[in-house]
Amino acid sequence: MIDLIGYGAFFLTTALIFSLVTLGLNLQWGLTGLFNVGLAGFVAIGAYTSALLTTPDDPARLGGFGLPILAGWAGAMIVGGIAAALTGMATLRLRSDYLAITTFGVAVVVQLVALNAQKLTGGPFGIGFIPRPFGGLAETPLLFNLSNLAVVCAVTLIAYLALEHLSRSPWGRVLKALREDERAAISLGKSARFYRVQAFAAGGAIMALAGALQAHFTGFMAPDNYLPILTFQVWVMLIVGGSGSNLGAVIGSVLVWGIWAGSGTLTSVFFPPGQQARAASLQIVAIGVMLCVILLIRPNGLFGDRPKRPRFGKRKRIATDKSSSGS
């Protein structure tokens, strides 16, 4: 029973870290309409920034300043926000497919730098000895996992409440106006590029914070953690939960991660060790099937906005008004 509770805490911690990434994507896409498929790069920037700021000195690479964990998280948000703002200023003149291709290229560049800049990032060997919150409790897995879950829950809750407030603020209404009708928003004196860069930078900072949390939660990071499959997972989480809904971003992340982890457990149980590597592709199949089912039943996701349909009485009244006006 204790082991089950510990695993549940570990599972929820990982799912909520994904929720942070999805909340950042929801700000960019769901609220502003910015098609970012390079989010894995911003997660990696946050993770490496926090790791370099907080790890002990290492003669094999730069960094290792030994700062507190909170300083690493703050630095990750600042660097991730600046990187997203620079990317936004360079790419947000593009639209839809071209913006997606450009942001994907940014993510690939970040991953290649992390893989080859060994003096800075440790190269393919990654960075170890990353300080972990409540590291003194590591010998008691249950307390360690519950403590980390409490920290991640608090950070996710703060981000969720802040984004809910921003989405209802005048700033959020401008972003929605730019998403729905850019020309109408510009005619009211709003700068489309200025607001889009702000939204892109804020979303990138949240993604970078999620990367920092993940790095400190696991205590180790490597370039293989930030492959394009991460972008696929987060986009599915947002689509399932409902684009434009912060609650949907959180619930969708937990649901999709549950199916991803559950399908991985089933493949390890039903397939022999020699074929488990091939059977791992069934995880993607499971996510794809779930995505198709959700889109068929709820095209806008579980918590997305549904088009309002008139009730039977209103339909009848509308039909009567049309017939009378026609006669």
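As a starting point, this report considers the structure included with it. (Residues numbered from 1 in each chain as written. Predicted model: local features only at pLDDT ≥ 70, side-chain atom pairs only at ≥ 80, totals over all residues. Heavy atoms only, no water.)

## Examining the overall build of the chain
Right, on to step 1. Secondary structure assignment for the chain yields 14 helices and zero strands.
Right, on to step 2. When the helices and strands of the chain are listed from N to C terminus, the series reads α-α-α-α-α-α-α-α-α-α-α-α-α-α.
Right, on to step 3. The principal-axis extent of the C-alpha atoms belonging to the chain is close to 85 × 50 × 35 Å.
Right, on to step 4. Here the chain holds 327 residues, and 46% of them are scored as buried.
Right, on to step 5. With the model as given, the accessible surface of the chain reaches about 17000 Å², and the carbon-plus-sulfur share is 69%. (Helix = DSSP H or I, 4+ residues; strand = E, 2+ residues; numbered from the N terminus. Buried < 20%, exposed > 50% of the residue type's maximum accessible area, 1.4 Å probe, protein only. Areas by Shrake-Rupley, 256 points an atom, 1.4 Å probe, with all protein chains shown as cover.)

## As for the side chain of Ser 50
Right, on to step 1. Topologically, Ser 50 is positioned in helix α2 (residues 39-54).
Right, on to step 2. At 3.5 Å, the side chain of Ser 50 and the backbone oxygen of Gly 72 are in polar contact.
Right, on to step 3. Not counting chain neighbours up to four residues away, the residues in contact with Ser 50 comprise Gly 72, Trp 73, Ala 76, Ala 212 and His 216. (Polar contact = N/O pair within 3.5 Å; in protein donor to acceptor, adjacent residues only side chain to side chain. Contact = heavy atoms within 4.5 Å.)

## What about unusual backbone geometry?
Right, on to step 1. In this structure, Phe 129 takes a positive phi of about 55° despite not being glycine.
Right, on to step 2. Turning to its location among the elements, Phe 129 is positioned in the loop between α5 (118-121) and α6 (141-168).
Right, on to step 3. The class for Phe 129 is exposed, based on a relative accessible area of 74%.
Right, on to step 4. Positive phi is not limited to glycine here, since Phe 134 has a value of about 60°.
Right, on to step 5. Inspection of the secondary structure assignment puts Phe 134 in the loop between α5 and α6.
Right, on to step 6. Classification of Phe 134 by relative accessible area gives partly exposed; the value is 42%.

## What about the packing of helix α10 (residues 228-241) against helix α11 (residues 246-270)?
A pair of packed helices can be characterised by two numbers: the angle between their axes and the separation between those axes.
Right, on to step 1. Between α10 and α11, whose axes approach to 7 Å, the crossing angle comes to 125°. Between α10 and α11, the angle is such that the two are oblique. Crossing hand, α10 versus α11: right-handed. The residues of α11 that touch α10, namely those facing Ile 229, Gln 233, Val 236, Met 237, Leu 238, Val 240 and Gly 241, are Gly 248, Ala 249, Gly 252, Ser 253, Leu 255, Val 256, Trp 257 and Trp 260.
Right, on to step 2. Classifying every residue of the contact of α10 with α11 gives ten nonpolar, five polar and no charged. (Axes fitted to C-alpha atoms, helices over the stretch in contact; angles between N-to-C directions. Parallel < 35°, antiparallel > 145°, perpendicular 65-115°, else oblique. Left-handed = near helix turned anticlockwise from the far one by under 90°. Nonpolar A, V, L, I, M, F, W, Y, C, P; charged D, E, K, R; others polar.)

## Concerning the nonpolar core
Right, on to step 1. Grouped together as the largest cluster of nonpolar side chains are 80 residues, with contacts concentrated most on Leu 20, Met 221 and Tyr 226.
Right, on to step 2. Broken down by element, the residue count for this core peaks at 14 residues, all from helix α9 (residues 192-218).
Right, on to step 3. Here Tyr 226 is in contact with Ala 40, Val 43, Ala 44, Ala 47, Tyr 48, Gln 111, Gln 214 and Met 221, once residues within four sequence places are set aside. (Core = buried A, V, L, I, M, F, W, Y, C linked by side-chain atoms within 4.5 Å.)

## Here's the deal with the environment of Ala 159
Right, on to step 1. Along the polypeptide, Ala 159 turns up in helix α6.
Right, on to step 2. According to the relative accessible area criterion, Ala 159 is buried, its value standing at 14%.
Right, on to step 3. For Ala 159 and Val 106, which are 53 residues apart along the polypeptide, the C-alpha to C-alpha distance reads 25 Å.

Take it as geometry only, folks, not as evidence of what the structure does.
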